[in-house]
Amino acid sequence: MVGGVNYPFWERNITWIAWLELTLGPSPVYVSPMTTSCIFCRIVGGEVPAEVVAREPEVVAFLDVQPLADGHVLIVPRAHVAAVEELEPAAAAALFQTVLRLAGPVREALGAAGTTIGINNGAATGQTIPHVHVHIVPRWPDDGAGSIHTIFPRRTRRPLGEVAAAIRRVVG
Ligand code: 5GP
Ligand code: ZN
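Points about the pairing of strand β2 (residues 59–63)
Within β2, 4 of the 5 residues are buried, leaving the element largely enclosed by the surrounding structure. Here 3 bridges tie strand β1 (residues 52–55) to β2, and the two strands are oriented antiparallel to one another. Residue pairing for β2: Ala54 is matched across the bridge by Ala61. Here β1 hands over to β2 after 3 residues, the two strands then running antiparallel side by side. Pairing analysis gives 5 bridges linking β2 to strand β3 (residues 73–77), with the strands arranged antiparallel. Across the sheet, Val59 pairs through a bridge with Pro77, a residue of β3.

Here you go:
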């Protein structure tokens, strides 16, 4: 029991497990939670400090260490998953439920007018930490930031109908 929360064994013993793996090699009897190389896993496990604002059974939320605005929150699944597409449905649901739960309070706590909520999904999009995380960034009128539309130069080449048909074929 740490801070009133029951952590599973591997979260309470991350340093010990990492040492054991470095010394003996990866254990054949369990799957490593990859906590040694992933900074967000280490924050989830309590190994690296962070300004945590919510702890839930499947999700942890903490302040971004280099905030884009006051109140910039990151919400992460406890389980290490790199991309949104790899999330288990229950983990995805828990992640978005926490986004819902925090969006209002973050806005209220900072006296913000709105929030930009986003995910960089994949290295090509600028994702620097390969552990899924949702950004909630408080926004104010004339805060100097743009909307999601401002990050794209709109270099489209294909007609909407053709693109929609291509996606529908894969969605099935
Ligand atoms: P990305 O570019 O991957 O979508 O965003 C990663 C975010 O994680 C960045 O905004 C960055 O400031 C934040 N970040 C990176 N390392 C740490 C850390 O050690 N602690 C915290 N709290 N945030 C981090
Ligand atoms: Zn991780």
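From this point on, the discussion continues.
Digging into the site of ligand 1
In the neighbourhood of ligand 1, 13 residues make up the surrounding shell, with Val65, Gln66, Asn120, Gln127 and Thr128 lying closest. Of the residues belonging to the shell around ligand 1, the class tally is 7 nonpolar, 5 polar and 1 charged.

A word on the sheet that holds β1
Here we have 5 strands laid out as an open sheet, ordered β1-β2-β3-β5-β4, and antiparallel in their pairing. On the outer flanks of this sheet lie β1 and β4 (114–118), each paired with one strand and no other. The average undirected angle you get between the axes of adjacent strands in this sheet is 20°. Looking at chain direction, β3 and strand β5 (residues 134–139) are connected through 3 bridges and run antiparallel. Along β5, the bridge assignment pairs Ile75 with Val134. Of the strands in this sheet, β1, β2, β3, β4 and β5 are in contact with helix α4 (residues 89–110), which crosses β5 at around 20°.

Section: the nonpolar core
The biggest cluster of nonpolar side chains holds 21 residues, and the ones touching the most others in it are Val59, Ala61, Val73, Ile75, Val76, Leu102 and Ile136. Elements that contribute at least two residues to this core include exactly α3 (39–44), β2, β3, α4 and β5. Here this core gets 5 residues from one element, more than from any other, and that element is α4. Beyond its immediate stretch of four places on either side in the chain, Ala61 contacts Val53, Ala54, Val73, Leu74, Ile75, Thr98 and Leu102.

Scoring rules and cut-offs
- Residues numbered from 1 in each chain as written.
- Chains lettered and ligands numbered in written order.
- Predicted model: local features only at pLDDT ≥ 70, side-chain atom pairs only at ≥ 80, totals over all residues.
- Buried ≥ 20, exposed ≤ 12 C-beta atoms within 10 Å, placed from the backbone.
- Helix = DSSP H or I, 4+ residues; strand = E, 2+ residues; numbered from the N terminus.
- Pairing = 2+ DSSP bridges.
- Near = placed C-beta within 6 Å.
- Nonpolar A, V, L, I, M, F, W, Y, C, P; charged D, E, K, R; others polar.
- Axes fitted to C-alpha atoms, helices over the stretch in contact; angles between N-to-C directions.
- Contact = placed C-beta atoms within 7 Å.
- Core = buried A, V, L, I, M, F, W, Y, C linked by C-beta atoms within 7 Å.

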